[in-house]
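So the chains spell out like this:
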Amino acid sequence: HWDSSYTSDVIQLTALNRHIFLSEDTYLFRTAIGSEGFFEGTHYWELVADSRTENELKIGVVKNRDIDLKTAFSDYSCGWAYYATGQLRHCNAAVGPKYGRGFKKQGTLGVYLDMEKGTLSYALDGEYMGIAFEDEELKKGPIYPAIALLHQGGCTLVTGRKPPAFFIV
């Protein structure tokens with residue numbers, strides 16, 4: 001679940017901290033970080049879109065929870081994200097390589113972290129989008145799931161499922 005101690009105070013958490021939603025007038029990213037840090041192995045979770053979402057999310061992982069939660073975690077060198085406009089973000093708030101396709105009001109996004117290989121991959125509605133990041137830093141924990149929301153948006157976190165076979169290459 002999302003950790004209320006590491007969630008921007010303007011984000012609403014419900015459903016045992018698994019559903020997350022932001023609704024505010026400003027257009028600034030706000031971050032929430034997961035409660036579980038990963039130290040080794042492979043990890044898979046899903047995010048189910050909230051139909052009220054108006055702005056794309058940044059979805060990924062972060063290694064340091066002591067960041068400004070009123071910014072996007074992927075603006076920092078400790079954060080890696082799929083920006084659901086169809087781009088990647090790492091150490092940069094504004095630009096990144098093209099990746100995948102858009103994700104906003106509907107769909108399920110699968111996230112797969114392989115700490116043995118140091119990779120982070122995504123799939124949208126069962127369609128594998130490939131390895132987004134390959135980085136030695138993704139082999140060293142703790143690494144936490146993270147999300148950044150903008151203006152009006154949210155999703156539901158789903159854990160405990162086995163990753164689809166295409167993630168395990």
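Refer to the structure printed above.
All of the points below concern the structure found in this document. Just so you know, these numbers come straight off a predicted model, no measurement behind them. (Residues numbered from 1 in each chain as written. Predicted model: local features only at pLDDT ≥ 70, side-chain atom pairs only at ≥ 80, totals over all residues. Heavy atoms only, no water.)

Let us look at the environment of Phe39. As for its placement among the helices and strands, Phe39 is situated in the loop between strand 4 (29-34) and strand 5 (42-49). Separated by 90 residues in the primary sequence, Phe39 and Met129 place their C-alpha atoms 25 Å from one another. Excluding residues that lie within four positions of it along the chain, Phe39 makes contacts with Met115, Lys139, Gly141 and Pro142. (Helix = DSSP H or I, 4+ residues; strand = E, 2+ residues; numbered from the N terminus. Contact = heavy atoms within 4.5 Å.)

Attention now goes to the state of the cysteines. In this structure the tally under the stated criterion is 0 disulfides. No disulfide involves Cys91; its sulfur sits 8.3 Å from the nearest other cysteine sulfur, which is in Cys78. With a relative accessible area of 40%, Cys91 lands in the partly exposed category. Cys155 takes part in no disulfide bond, and the closest cysteine sulfur to it belongs to Cys78, at a distance of 20 Å. Note on Cys155: relative accessible area 0%, which makes it buried. (Disulfide = S-S within 2.5 Å. Buried < 20%, exposed > 50% of the residue type's maximum accessible area, 1.4 Å probe, protein only.)

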